[in-house]
Amino acid sequence: MSTVELSFSALPVHVRTARLIVTAVARRSGVAEPLLDEVRLAVGEACSRAVEAHRLHCPDEPVRLELSGADRRFEVTVSDTVPEDAAAGLPTTPDAEEFEYALGEGTAELGLAVIAGLADDVEIAATPKGVQIRMSWPAEAEATI
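Structural notes, computed from the coordinates.

What counts and how
- Residues numbered from 1 in each chain as written.
- Predicted model: local features only at pLDDT ≥ 70, side-chain atom pairs only at ≥ 80, totals over all residues.
- Heavy atoms only, no water.
- Helix = DSSP H or I, 4+ residues; strand = E, 2+ residues; numbered from the N terminus.
- Buried < 20%, exposed > 50% of the residue type's maximum accessible area, 1.4 Å probe, protein only.
- Contact = heavy atoms within 4.5 Å.
- Areas by Shrake-Rupley, 256 points an atom, 1.4 Å probe, with all protein chains shown as cover.
- Salt bridge = Lys/Arg side-chain N within 4 Å of Asp/Glu carboxyl O.
- Expected span 1.5 Å × (residues − 1).
- Arc of directions from axis to C-beta.
- Pairing = 2+ DSSP bridges.
- Axes fitted to C-alpha atoms, helices over the stretch in contact; angles between N-to-C directions.
- Left-handed = near helix turned anticlockwise from the far one by under 90°.

**Thoughts on the overall build of the protein chain**
Helix and strand content of the protein chain: four helices and five strands. When burial is assessed residue by residue, the protein chain has 39% of its 145 residues classed as buried. For the protein chain, the share of sequence-separated contacts (at least 6 apart) that also reach a separation of at least 24 residues comes to 65%. For the protein chain, the accessible area works out to roughly 7,700 Å², and carbon and sulfur atoms hold 50% of it.

Shown next, in the form of structure tokens:
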């Protein structure tokens, strides 16, 4: 499958559009119908977290998504450009203890716990360029895009 890239301004209204696009690409990539709701919800949570972070720290920067598939997996990476010091409290792994601790910190961390429960595989990385949440699901069929 080719990589699909999407960027959108940090407005909550664009999260719905991102969910619709990701769901369509996931379907065409061979993700089973019963998993599409999980893909849509997890991506919506990741995009909502990124939009809120951008609105607080860098409202003029776009949120970026990268959709790809390889080895019978569908992968979505949601990237923000929030400065590293602003993302310092973000857990870097979807570990239950870290999420339990982070739940007291706010709803963005609750969203990360939701993502960890919905995605088959999750990696969270806070880098100098921002935070990246990479999620993946099994893709049963060969990609058609």
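**Notes on the pattern of salt bridges**
Taken as a whole and assessed by the stated rule, the structure comprises seven salt bridges. Between Arg-49 and Asp-80 there is a salt bridge, and its shortest N-O distance comes to 2.3 Å. Here Arg-49, found in helix α2 (residues 33-57), pairs with Asp-80, found in the loop between β3 (73-79) and α3 (96-102); they are 31 residues apart in sequence, far enough to count as distant. The burial state of Arg-49 is the same as that of Asp-80; both residues are buried. A salt bridge links Glu-75 to Arg-134; its shortest N-O distance comes to 3.3 Å. Taken as a pair, Glu-75 in strand β3 and Arg-134 in strand β5 (residues 130-138) lie far apart in primary sequence, 59 residues in all. Among the residues examined, Arg-134 registers a relative accessible area of 13% and is labelled buried. Members of the salt-bridge network, linked through shared partners, are Glu-75, Asp-121, Glu-123 and Arg-134.

**What about α2?**
The first and last C-alpha atoms of α2 sit 37 Å apart over 25 residues, in line with the 36 Å expected at 1.5 Å per residue. Those residues of α2 that sit buried are Leu-36, Val-39, Ala-42, Val-43, Gly-44, Ala-46, Cys-47, Arg-49, Ala-50, Val-51, Ala-53 and His-54.

**Description of helix α1 (residues 13-28)**
Over its 16 residues, α1 extends 24 Å from the first C-alpha to the last, a length consistent with the 22 Å expected when each residue adds 1.5 Å. For α1, the complete set of buried residues consists of Val-15, Ala-18, Val-22, Thr-23, Val-25 and Ala-26. Taken down its axis, α1 places every buried residue within 165 degrees of arc, on the same side. Exposed and facing more than 90 degrees away from the buried side of α1 are Val-13 and Arg-16. The inward-facing, buried residues of α1 contact β1 (4-8), α2, β2 (63-70) and β3. Gly-30 lies just past α1 and shows a positive phi near 100 degrees.

**Structural notes on the sheet that holds strand β4 (residues 121-127)**
The five strands lie next to each other as β1-β2-β3-β5-β4, forming an open sheet whose pairing is antiparallel. Each having just a single partner strand, β1 and β4 make up the two edges of the open sheet. Averaged over all pairs of adjacent strands, the angle between their axes in this sheet comes to 15 degrees, without regard to strand direction. Pairing geometry for β3 and β5, over seven bridges, is antiparallel. Bridge pairing in β5 links Val-78 to Ile-133. The strands that α1 touches are β1, β2 and β3; relative to β1, the one it contacts most, it runs at about 175 degrees. On top of the sheet, α2 reaches β1, β2, β3 and β5; it is set at about 180 degrees to β5, its chief contact.

**Points about the packing of α1 against α2**
The geometry of α1 relative to α2 is characterised by a closest axis approach of 9 Å and an angle of 145 degrees between their N-to-C directions. You can see that α1 and α2 cross each other, and the crossing is right-handed. Of α2, the residues touching α1 (which contributes Val-15, Ala-18, Arg-19, Val-22, Thr-23, Ala-26 and Arg-27) are Glu-33, Leu-36, Val-39, Arg-40, Val-43, Gly-44, Cys-47, Ser-48 and Val-51.

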